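Observations on the three-dimensional arrangement
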Amino acid sequence: MTEFSVWAPKARRVDVEIAGRAVPMEPAAGRQGWWTAEADAPAGTDYAFRLDGGELLADPRSPRQPYGPDGASRTYDHGAFVWTDDQWHGGPIGGAVIYELHVGTFTAEGTLDAAIGRLDHLAALGVTVVELMPVAAFPGEPGWGYDGIGLWAVHEPYGGPDALKRFVDACHGRGLAVFLDVVYNHVGPGNKLASFGPYFTDVYTTPWGPAVNLDQAGSDEVRSFIVGNALMWLRDCHLDGLRLDAVHALQDHRAVHILEQLAEEVDELAAATRRSLVLVAESDMNNPRLITSREAGGYGLSAQWDDDFHHAVHALVTGERQGYYADFGTIAGLAKTLTGAYFHDGTWSSFRGRSHGRPVDPLRTPAYRFVVFDQDHDQIGNRAVGDRLPATLAAHPHRDGLLKVAAGLVLTAPFTPMLFMGEEWGADTPWQFFTDHSDPLFADAVTTGRRSEFARHGWEFAAVPDPQDKETFLRSKLDWAQPAREPYRSLLDWYRSLIALRRARPQLTNPRLDQVRVEFDEDARWLLVHRGPLRIAANLGDASVDIPVAAGSAAVILGSDPDISVKSGSGVEGGSVIGLPAASFGVTEAR
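Residues numbered from 1 in each chain as written. Predicted model: local features only at pLDDT ≥ 70, side-chain atom pairs only at ≥ 80, totals over all residues. Heavy atoms only, no water.

Attention now goes to the overall build of the protein chain. A tally of regular secondary structure across the protein chain gives 16 helices and 30 strands. Taking 591 residues into account, the globule formula puts the C-alpha radius of gyration at 25 Å, and the protein chain, at 25 Å, falls close to it. Based on the C-alpha atoms only, the size of the protein chain along its principal axes is roughly 90 × 55 × 50 Å. Buried positions account for 58% of the 591 residues belonging to the protein chain. Expressed as a percentage of contacts within the protein chain between residues at least 6 apart in sequence, the contacts between residues at least 24 apart total 69%. Carbon and sulfur atoms make up 49% of the accessible area of the protein chain, which amounts to about 22900 Å² in all. (Helix = DSSP H or I, 4+ residues; strand = E, 2+ residues; numbered from the N terminus. Rg over C-alpha atoms; globule rule 2.2 N^0.38 Å. Buried < 20%, exposed > 50% of the residue type's maximum accessible area, 1.4 Å probe, protein only. Contact = heavy atoms within 4.5 Å. Areas by Shrake-Rupley, 256 points an atom, 1.4 Å probe, with all protein chains shown as cover.)

What follows is the structure, given as C-alpha cells:
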C-alpha cells in the first residue's frame with residue numbers, strides 16, 4: 001500500500017484520484033491541516049488531488065511529473081535505484097573547482113544521460129564539482145529552470161529522476177561531486193500552491209512574483225516544505241551540495257532565519273550519512289554573516305557567490321562601466337577583492353545610491369567560502385544578446401591574451417573558482433535568455449518586457465533575441481567541435497594547466513586571506529599577488545612590463561605567453577624581474 005498525504009489546511013474535503021479512481025482522504029491525527037489516505041498504487045501510478053470538489057491538482061511534493069508541472073503526478077520509489085557510489089563521501093568546498101552547466105544546452109540532446117557522455121572531458125579538465133542549474137520541473141521544454149513549479153520532481157525533458165541519479169552516480173564514479181541550483185525565493189508563474197495553503201504572503205514582494213511565506217501565519221509548514229525539499233535532493237538523489245538562488249529575496253524575520261534552519265538540518269543529515277554536504281548561497285548583500293558559523297552568530301552556510309570579484313575582473317578586461325560596473329575597473333579594486341573578498345564592504349555604491357556591504361574578517365573567514373568566476377549564467381545570459389567574454393572581446397587586439405589573464409586571476413585566487421560550461425575552451429556561442437511559456441499573453445509580455453528593458457539602454461528593440469523563439473535556445477547550445485581546433489584548443493590547454501597547478505601547489509588553495517599580499521601599478525596596469533614563495537603576475541595593459549618578483553632568483557612555472565621570462569639580477573638589489581608582454585599572465589617561484 002502507498003500512503004498519500006497533503007497539507008491543505010483550509011479544505012473541507014480532499015480526495016486523491018488514483019488512475020481515475022477517487023479515494024477520500026482523512027484528516028491526519030496530530031498533524032494540523034494534513035490529509036492522508038492509503039491505496040494500492042505501486043511506483044508508476046498516476047494520481048492527483050482534488051480539494052472541495054475543485055479541479056485536479058498536482059501533488060506539491062510530487063516526485064515525478066511526466067506530463068509537465070500542470071499534469072498528473074506519478075508515484076515513484078526512491079529506494080529502487082541501484083547506486084554504485086557506496087565509497088563516495090562527498091566533496092568539501094575547500095580546494096574545489098566548480099563547473100556550472102545547464103543541462104538543456106550542455107549537449108545537442110539536452111538530457112542528463114547525454115551529459116554523462118561529456119563527464120570524461122570534465123575529469124580531464126581537472127574540475128572537482130559539477131554544478132547543475134535548476135532541474136526542478138518547470139513549464140514547457142527549454143528554459144533556464146528558475147521558474148520551477150514541481151519543486152520535488154526532475155524536469156521530464158531532462159530525463160526525470162532516474163536520469164538525475166544516473167548522472168550523479170556517474171559523476172561520483174569519476175571523482176566529481178555534484179551540486180544543484182535550487183530556488184526557494186519564489187515559485188514559477190502558473191503554480192497552484194496557493195490552492196493548498198498559505199505558501200505565499202503579500203506582506204513582501206519579489207521581482208518574480210509573490211513572496212514565499214517564511215514568517216507569517218502558516219509558515220511552519222512552508223519552511224518544512226523547503227527544508228524537506230533540500231534534504232530530499234541531498235539524501236535521495238545523493239547530491240553533494242545545493243546552490244541557493246538569490247537568498248537576499250528570502251524575507252524572513254523570525255528568530256531563526258530559514259537559512260540557519262536549513263544549514264542546521266543539512267548538517268544533521270551530513271552527520272547521519274557521514275558525507276560532506278555543502279550549501280552555497282547566491283547573495284548580493286555582501287554580508288559575511290551568511291558564512292559565519294552558527295556558534296559565532298551566523299547562519300553557518302558553507303560558501304557564497306562573490307559577484308564583486310567578477311565585476312572587478314570583467315570591468316578591467318572589457319573596459320565596461322555601465323550599470324553595476326560603474327564602481328569597478330581599477331587595478332586597486334581588484335587588489336581589494338583579492339585580499340578582502342568584497343569590493344563593497346561598507347563603501348558607497350553608486351549603482352545602488354547608498355553604502356553597501358560589510359567587511360570580511362580575514363583572520364576568521366577562510367577564502368574558500370567565496371565562490372568566484374569571470375563568467376556565469378547570469379553575467380552572460382542577462383546581457384542583451386547573451387555574449388560570452390570571447391565574443392565581448394572579439395574586436396580587442398589582445399583578446400586571446402586577456403582571456404588567459406582572466407582565467408589566471410580566477411584559478412589562482414585564494415577563493416573557490418567556478419567556470420561556466422564552455423568557458424574552458426573560449427566558447428563564443430552565445431548563452432541567451434530563453435523561455436517556453438504556453439500562455440501567449442504571458443509569453444508576449446516576457447518578450448516585450450525584455451526587449452523594452454534593453455531598448456532603454458540603447459539597444460534596437462528587434463536586436464534583442466526573442467526568449468520564446470526556439471532558435472534563441474538552439475543558438476545557446478555548446479558546439480563540441482570547437483575544442484578540437486584552434487584557437488579553442490590552446491585556451492583549453494591553458495585552463496587544464498592552471499587547474500593542475502592549483503592542485504599541485506598548496507599555496508594556491510591556502511585559505512588564509514591575511515597571508516595574501518598584492519602589489520600593483522594602476523598606470524602600467526599590472527598586478528602582482530604574493531602567495532608564499534609564488535608570485536602571480538598579471539599584465540592587463542597594451543605594453544610590456546617588468547615586475548620585480550623575488551629578492552633572489554626565481555623561475556617561471558607557468559606562463560600564458562612564450563615570451564614571458566625572468567631576468568635575474570635585474571631587480572632591486574639584484575633580485576629577479578618577470579618580463580610580461582601585453583595582456584599576459586605568469587606564475588613564478590622563488591628559488
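Within the open sheet, the three strands sit side by side as 1-5-4. Their pairing is antiparallel. This sheet does not close on itself; its edge strands, each paired only once, are strand 1 (2-7) and strand 4 (26-27). Of the strand pairs in this sheet, strand 4 and strand 5 (residues 34-39) are connected by two bridges, and their pairing is antiparallel. Bridge pairing in strand 5 links P27 to W35. (Pairing = 2+ DSSP bridges.)

In total, this model carries 24 aromatic pairs according to the counting rule given. Note on Y324 and F351: the rings are 5.8 Å apart at their centroids and 85 degrees apart in plane angle, and the pair reads as edge-to-face. Note that Y324 is positioned in the loop between helix 8 (307-318) and helix 9 (331-340) and F351 in the loop between strand 19 (347-349) and strand 20 (354-356), a separation of 27 residues in sequence. The rings of W144, F420, W431, F433, F434 and F473 are connected pair by pair, giving a single aromatic cluster. The residue whose ring lies beneath R31 is W34, and the NZ or CZ to ring-centre distance is 4.0 Å. We note K336 situated over the ring of F343; from NZ or CZ to the ring centre the distance is 5.3 Å. (Phe/Tyr/Trp six-rings, centres within 6.5 Å; stacked < 30°, edge-to-face > 60°. Lys NZ or Arg CZ within 6 Å of the ring centre and 35° of its normal.)

With that settled, consider the pattern of salt bridges. Opposite charge on two side chains allows them to pair when their charged atoms are near. For the coordinates displayed, the defined rule picks out 25 salt bridges. Its salt-bridge partner being R13, residue D15 comes within 3.1 Å of it at the nearest N-O pair. In this structure, the salt-bridge partner of R275 is D240, at a minimum N-O distance of 4.0 Å. Here R275, found in the loop between helix 7 (258-273) and strand 17 (278-281), pairs with D240, found in the loop between helix 6 (219-236) and strand 16 (241-244); they are 35 residues apart in sequence, far enough to count as distant. Each member of the pair, R275 as well as D240, is classed as buried. (Salt bridge = Lys/Arg side-chain N within 4 Å of Asp/Glu carboxyl O.)

Moving on to the side chain of H257. Structurally, H257 is set in the loop between strand 16 and helix 7. A polar contact of 3.0 Å, which involves the side chain of H257, links it to the backbone nitrogen of L259. (Polar contact = N/O pair within 3.5 Å; in protein donor to acceptor, adjacent residues only side chain to side chain.)

It is worth spelling out the nonpolar core at this point. Of all hydrophobic cores here, the largest spans 157 residues; its most connected members are L132, F167, W233, L244 and F415. Ranked by the residues each element gives to this core, the list is headed by helix 6, at nine residues. (Core = buried A, V, L, I, M, F, W, Y, C linked by side-chain atoms within 4.5 Å.)

This paragraph deals with the environment of A395. Inspection of the secondary structure assignment puts A395 in the loop between helix 11 (389-392) and helix 12 (399-411). Each C-alpha atom of the pair A395 and F200 lies 48 Å from the other, and the pair is 195 residues apart in sequence.

Turning our attention to the sheet that holds strand 25 (residues 534-539). Strands belonging to one sheet form pairs held by backbone hydrogen bonds; the direction of such a pair is parallel or antiparallel. The strand order across the open sheet formed by five strands is 23-24-25-30-27, and the pairing between neighbours is antiparallel. Sheet topology places strand 23 (517-521) and strand 27 (554-559) at the edges, where each strand pairs with a single neighbour. Geometrically, the sheet is characterised by an average inter-axis angle of 20 degrees between neighbouring strands, direction not taken into account. Strand direction decides the pairing type here: strand 24 (residues 526-531) and strand 25, joined by six bridges, are antiparallel. Of the residues in strand 25, the one forming a bridge with H530 is R535. With respect to the sheet, helix 12 is in contact with strand 24, strand 25 and strand 30 (584-590), its orientation differing from that of strand 30 by roughly 40 degrees. Along the sheet, helix 15 (residues 488-504) makes contact with strand 27 and strand 30, crossing strand 27 at roughly 130 degrees. (Axes fitted to C-alpha atoms, helices over the stretch in contact; angles between N-to-C directions.)

Attention now moves to helix 13 (residues 440-455). Over its 16 residues, helix 13 extends 22 Å from the first C-alpha to the last, a length consistent with the 22 Å expected when each residue adds 1.5 Å. Buried residues of helix 13: A443, V446, T447, R450, R451 and F454, and no others. The buried residues of helix 13 all sit within an arc of 110 degrees when viewed along its axis, so they share a single face. Turning to helix 13, the residues buried within the fold contact helix 10 (377-381). (Expected span 1.5 Å × (residues − 1). Arc of directions from axis to C-beta.)

At the junction of E486 and P487, the peptide bond is cis and its omega measures out at 5 degrees in the coordinates. Considering the arrangement of structural elements, one finds P487 in the loop between helix 14 (470-475) and helix 15. Residue A19 is not a glycine yet carries a positive backbone phi of 50 degrees. Given a relative accessible area of 65%, A19 falls into the exposed group. For A583, which is not glycine, the phi torsion reads 50 degrees and is therefore positive. Secondary-structure assignment places A583 in the loop between strand 29 (576-580) and strand 30.

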